[in-house]
Amino acid sequence: QVQLVESGGGLVQAGGSLRLSCTASGSISSINTMGWYRQAPGKQRELVASITNGGGTNYADSLKGRFTISTDNAQNTVYLQMGSLKPEDTGVYYCYLRRSPLTPRYWGQGTQVTVSS
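These figures come from a predicted structure and were not determined experimentally.

Criteria and thresholds
- Residues numbered from 1 in each chain as written.
- Predicted model: local features only at pLDDT ≥ 70, side-chain atom pairs only at ≥ 80, totals over all residues.
- Heavy atoms only, no water.
- Buried < 20%, exposed > 50% of the residue type's maximum accessible area, 1.4 Å probe, protein only.
- Helix = DSSP H or I, 4+ residues; strand = E, 2+ residues; numbered from the N terminus.
- Pairing = 2+ DSSP bridges.
- Polar contact = N/O pair within 3.5 Å; in protein donor to acceptor, adjacent residues only side chain to side chain.
- Phe/Tyr/Trp six-rings, centres within 6.5 Å; stacked < 30°, edge-to-face > 60°.
- Lys NZ or Arg CZ within 6 Å of the ring centre and 35° of its normal.
- Disulfide = S-S within 2.5 Å.

> Explain the pairing of strand 4 (residues 33-39) to me, please; I cannot follow it from the model alone.
For a regular strand, the rule is simple: side chains alternate between the two faces of the sheet. Judged by how many residues are buried, strand 4 sits mostly within the fold: six of seven residues are covered. Looking at chain direction, strand 4 and strand 5 (residues 46-52) are connected through six bridges and run antiparallel. Note on strand 5: the bridge partner recorded for Met34 is Ile51. Counted between consecutive antiparallel strands, the loop separating strand 4 from strand 5 contains six residues, among which Gly42 sits at a positive phi close to 80 degrees. The sheet contact formed by strand 4 and strand 9 (residues 91-98) spans seven bridges and is antiparallel. Across the sheet, the residue bridging to Tyr37 is Tyr94, located in strand 9.

Structure, rendered in structure tokens:
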């Protein structure tokens, strides 16, 4: 089994910054991809960003330039640095991990991000 524990969410004013962290533990002998999704109230879960074990990154087009994903492979941790936050960034942010491109995602419990105007 894989466990993912997120931290770093909270309440921030528009224009502010937050950094989310997610640490993986358990059966993680191989990790292909880690990343973040988010879900706003009443909306579907959407991809925020992902990063492969080779360092390749992928971002939602609307977030490029404001969010940065990175990893500390030694600590099995993925980070999401969020800047110039907007009220529409409010939602629950979920970390995920995939052992390979064809295996299901493991999910964290989610961390709430609230951006006030």
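> Quick question: what am I supposed to make of the side chain of Asp89 here?
Examined against the element boundaries, Asp89 turns out to sit in the loop between strand 8 (77-82) and strand 9. Exposure remark for Asp89: the relative accessible area of 1% places this residue in the buried category. Among the polar contacts made by the side chain of Asp89, one reaches the side chain of Arg66 at a distance of 2.8 Å.

> Would you take a moment to explain the packing of aromatic side chains for this structure?
The geometry of an aromatic ring pair is captured by the separation of the ring centres together with the interplanar angle, meaning the angle of the planes. Within this structure, the stated rule accounts for three aromatic pairs. Look at Tyr37 and Tyr96: their rings are 5.5 Å apart centre to centre, the planes differ by 70 degrees, and that puts the pair in the edge-to-face class. Of this pair, Tyr37 sits in strand 4 while Tyr96 sits in strand 9, placing them 59 residues apart in sequence. Each ring, one from Tyr37 and one from Trp107, has its centre 5.3 Å from the other, and the planes form 75 degrees; the classification is edge-to-face. One end of the pair, Tyr37, is in strand 4; the other, Trp107, is in strand 10 (residues 106-107), with 70 residues separating them in the sequence. Look at Tyr37 and you get buried, because its relative accessible area is 14%. Classification of Trp107 by relative accessible area gives partly exposed; the value is 35%. Following the ring pairs from residue to residue traces out a cluster consisting of Tyr37, Tyr96 and Trp107. Stacked on the ring of Tyr94, the Lys or Arg Arg45 has its end atom at 3.8 Å from the ring centre.

> Explanation requested: the state of the cysteines in the structure shown.
The bond known as a disulfide is covalent and runs between the sulfur atoms of two cysteines. For the coordinates displayed, the defined rule picks out one disulfide. Disulfide pairing places Cys22 opposite Cys95 at an S-S distance of 2.0 Å. Handedness here is read from the sign of the S-S torsion; for Cys22 and Cys95, about -75 degrees, the answer is left-handed. One end of the pair, Cys22, is in strand 3 (residues 18-26); the other, Cys95, is in strand 9, and 73 residues separate them in sequence. Each member of the pair, Cys22 as well as Cys95, is classed as buried.

These results come straight from atomic positions and should not be treated as a statement about function.
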